[in-house]
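Tertiary structure, described
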Number of protein chains: 2
Amino acid sequence: MTNLQNDRFLKALRREPVDKTPVWLMRQAGRYLPEYRKLREKSGSFLKMCKTPELACEVTLQPLARFPLDAAIIFSDILTIPDAMGLELGFVTGEGPKFNKTVSDVESLRALAMPDPEIELRYVMNAIRTTKQALTQRVPLIGFAGSPWTVATYMVEGGSSKTFSKINKMRYQSPALLMQLLEKITTVTTQYLQAQIAAGADAVMIFDTWGGVLTTEAYAQFSLAFMQRIVDDVKHFSENTPIILFTKGGGQWLEKMATTGCHALGLDWTLDINQARSRVGSKVALQGNLEPACLHGDENVIRQQVASILAKYGSGSGHIFNLGHGITPDILPEKVAALVDAVHEMSQQYHQVTVS
Amino acid sequence: MTNLQNDRFLKALRREPVDKTPVWLMRQAGRYLPEYRKLREKSGSFLKMCKTPELACEVTLQPLARFPLDAAIIFSDILTIPDAMGLELGFVTGEGPKFNKTVSDVESLRALAMPDPEIELRYVMNAIRTTKQALTQRVPLIGFAGSPWTVATYMVEGGSSKTFSKINKMRYQSPALLMQLLEKITTVTTQYLQAQIAAGADAVMIFDTWGGVLTTEAYAQFSLAFMQRIVDDVKHFSENTPIILFTKGGGQWLEKMATTGCHALGLDWTLDINQARSRVGSKVALQGNLEPACLHGDENVIRQQVASILAKYGSGSGHIFNLGHGITPDILPEKVAALVDAVHEMSQQYHQVTVS
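Residues numbered from 1 in each chain as written. Chains lettered and ligands numbered in written order. Predicted model: local features only at pLDDT ≥ 70, side-chain atom pairs only at ≥ 80, totals over all residues.

Some thoughts on the overall build of chain A
Helix and strand content of chain A: 15 helices and nine strands. Sequence-distant contacts, at least 24 apart, represent 71% of the contacts inside chain A between residues at least 6 apart. (Helix = DSSP H or I, 4+ residues; strand = E, 2+ residues; numbered from the N terminus. Contact = placed C-beta atoms within 7 Å.)

Dropping the structure here:
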């Protein structure tokens, strides 16, 4: 089915037998790597790296040159979509992303462009094509997008937020406007992920970073319903491409997420992976969920925590080891080396009985 | 047992029959009230208001003059304790609390003072005594403190944090140091809450605002274990004073929280109160859990959401209506009036069968 030299990650997503638990890390191509910081300084900006396929490819491959990771994830950002929809993304040092324009009313909603992924977002597709070629089938390449709800928070707030006061106000005062915004983002995101798959992505992940700030009912209505549509339409486009859903802080809704028909769920570090497996493990694979801060510990601490998560998941396939959130810039690369080695070494005992 | 004219709140905490569901709001004395903003401007600073018993009393009573709330909560801050332990609290406009000193090693831990609540924190006890008198037994007065884990995050980070990188590093690199810090905070907090009860507080609440960022095991070890000790020692001091525990983002741990022997659990807005009741409602009362952003909606929206939460909790006592987190400064006071009236009016049907 694939010509990949290492297809552990894809097999685990399909809950097929593997020799070891595959491992990759959210933000594995990032600031904790000196070679990343060097390239970023040279290139001038984060956005420049995202928008230059050769640089995005180089950054994507950096962690693979250091660690025997089982997957690459394309270096990009969930805010490429609102940027292409016309909000003009910039990054302010120390403050994170800032949009020049926001969505606040019917006019600003109507003014949004509906970008064609192979035109306005062609730089992402080119980055995927370039990276896919450079990978020479060593490991699979993951594509991704933000969930419509999560992307909408940035489009309405104009950047990061702690309180989400503008979008929450919109949700209670103009829910129809918000629904139309989510519709538009969903349409663009679906085409974007389909184009990523056409360009070579072997799996896709939807990051719902802010779904966890909603009530149970609002999560179903404003976040999950739109992810459901993306899952349906991406599967319709490419039945065999695995889809991973990750709602940070969404642990109580795993059952609902699993019924979308996605292949795997990402787990944040607050959840017990044994409980998650007993709740939804017969339907989906699970990705996670070491606490990112654990990488501040020494090698013994890291090995203990890896052993604990592997033991909690237990025997059999369906587990992709990862952090419960992105790796932070203050982590030493050698800690990642220890983590990856620990997963590969200690997980073998859980895959000894090969059932095919 | 009490001479209170309105003891609905205390009865509900003990799951005794009431005529209507009691209601109060976290941060009900706060910036959304014009009279609060006026007094704050006049007095010069938030800390000045906390530290001047007459001003703290005046602010505490402000919302009661407007709305028929069923409880008052003393105007104070969870950071009075680290301030009294010597870290020197200040507030930087737009940035929130900042400490001049932090805890980072054995020396800074040893340098911490162990304040006597009736000496270094006498201003809080005086505020309670003054307010208790001014209340003339109309409604009960709630005292409070932060959980040791939550207070420790500020003491180590030096203020608010999004990433908790310093305390997480400490947790993985010097867990013994962190445990000693938590021990000290626990000792001071226990005496502080006991003194608040002696000064007149009719119930106490422990705010564990940041317990939800921990793993299940770390929550038990670094947060819940210390709250357990406070619950034990406060009950030993005053068996009949109800204790409310609130871990924001701690929904998955309600069962563990309920076994501490506390009287009630606060619920954030992400939880379904019917599920919470079926999980722990036979052990504890439940306080919550309207989404604060709902107050951006019009009166119809507010009434719908109040009706939904009341219906989900269902018949019988044991529910104290509240928001799932503090009210935000951008809410209009008339929305609070609509909320309080809706709770009192619509809850009566759930209390018609008086079982005594």
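Topic: the packing of helix H8 (residues 148-157) of chain B against helix H10 (residues 175-199) of chain B
Residue and element names in this part refer to chain B. Relative to each other, H8 and H10 sit at 120°, their axes nearing to 9 Å. Between H8 and H10, the interaxial angle falls into the category oblique. As for the relative orientation of H8 and H10, their crossing is right-handed in sense. For the pair formed by H8 and H10, the contact residues are Pro-148, Trp-149, Val-151, Ala-152 and Met-155 on the first element and Leu-181, Leu-182, Ile-185, Thr-186 and Thr-189 on the second. Counted by class, the contact of H8 with H10 contains eight nonpolar, two polar and no charged residues. (Axes fitted to C-alpha atoms, helices over the stretch in contact; angles between N-to-C directions. Parallel < 35°, antiparallel > 145°, perpendicular 65-115°, else oblique. Left-handed = near helix turned anticlockwise from the far one by under 90°. Nonpolar A, V, L, I, M, F, W, Y, C, P; charged D, E, K, R; others polar.)

Quick look at the interface of chain A and chain B
Counting from both sides, the interface comprises 25 residues of chain A and, opposite them, 25 residues of chain B. Element by element, the count of residues in the side of chain A that touches chain B is highest for helix H9 (residues 165-173) of chain A, at six residues. In terms of residue class, the side of chain A that touches chain B is built from six nonpolar, 14 polar and five charged.

A look at the pairing of strand S8 (residues 285-290) of chain A
Residue and element names in this part refer to chain A. Within S8, six of the six residues are buried, which leaves it mostly tucked inside the rest of the structure. Inspection of the sheet shows strand S7 (residues 264-266) paired to S8 by three bridges, in the parallel sense. From the neighbouring strand, Ala-264 faces S8, where its bridge partner is Ala-285. Alignment of S8 against strand S9 (residues 319-323), held across five bridges, turns out to be parallel. Opposite Asn-289, over in S9, you have Asn-322 as the bridge partner. Remark: the S8/helix H14 (residues 299-313)/S9 crossover connection has right-handed handedness. (Buried ≥ 20, exposed ≤ 12 C-beta atoms within 10 Å, placed from the backbone. Pairing = 2+ DSSP bridges. Right-handed = clockwise from strand over helix to strand, strands pointing away.)

Here we look at the relation of the copies chain A and chain B
In the superposition of chain A on chain B (RMSD 0.0 Å, axial shift 0.0 Å), the rotation amounts to 180°. Both copies of the chain, as the preceding transformation shows, are related through a two-fold rotation axis. Interface residue correspondence from chain A to chain B reaches 100%, placing this contact among same-surface, isologous pairings. (Least-squares fit on C-alpha atoms with pLDDT ≥ 70 in both.)

Thoughts on the domain arrangement of chain A
Residue and element names in this part refer to chain A. In terms of domains, chain A is made up of domain 1 (1-24 + 286-356) and domain 2 (29-66 + 71-266). For domain 1 versus domain 2, the separation of C-alpha centres amounts to 24 Å. Taken residue by residue, the interface counts 21 residues in domain 1 and 20 residues in domain 2. When its residues are assigned to classes, the side of domain 1 that touches domain 2 shows 13 nonpolar, six polar and two charged. (Domains from an automatic or database assignment.)

As for helix H9 (residues 165-173) of chain B
All of the buried residues along H9(B) are Ile167(B), Asn168(B), Met170(B) and Arg171(B). Buried residues along H9(B) cover an arc of 160° about the axis, so they all sit on one side. (Arc of directions from axis to C-beta.)

Here we look at the environment of Arg66(A)
Residue and element names in this part refer to chain A. Mapped onto the fold, Arg-66 is located in helix H4 (residues 53-66). You can call Arg-66 partly exposed: it has 15 C-beta atoms within 10 Å. Excluding residues within four positions of it along the chain, Arg-66 makes contact with Pro-333 and Ala-337.

Observations regarding the sheet that holds strand S5 (residues 203-208) of chain B
All names here are of chain B. Taken in spatial order, the seven strands make up an open sheet running S1-S4-S5-S6-S7-S8-S9, and their pairing is parallel. Across the chains shown, the open sheet's two edge strands, defined by having one partner strand only, are strand S1 (72-73) and strand S9 (319-323). Relative to strand S4 (residues 141-146), S1 runs parallel, the two being bridged by two bridges. Bridge pairing in S4 links Ala-72 to Leu-141.

Focus: the confidence of the model for chain A
The pLDDT averaged across chain A works out to 96; a share of 98% of its residues lies at or above 70. In the predicted assembly, ipTM is 0.94 and pTM is 0.96. (pLDDT = per-residue confidence, 0-100.)

A look at the sheet that holds strand S5 (residues 203-208) of chain A
Residues and elements named next belong to chain A. On the basis of which strands lie adjacent, the open sheet formed by seven strands has the order S1-S4-S5-S6-S7-S8-S9 and parallel pairing. The sheet is open, and its two edges are formed by strand S1 (72-73) and S9, each paired on a single side. Bridging between S5 and strand S6 (residues 243-247) involves five bridges; their strand directions are parallel. Residue pairing across strands places Asp-208 opposite Thr-247, the latter belonging to S6. Lying on the sheet, helix H13 (residues 273-280) is in contact with S7 and S8; it crosses S8 at an angle near 165°.

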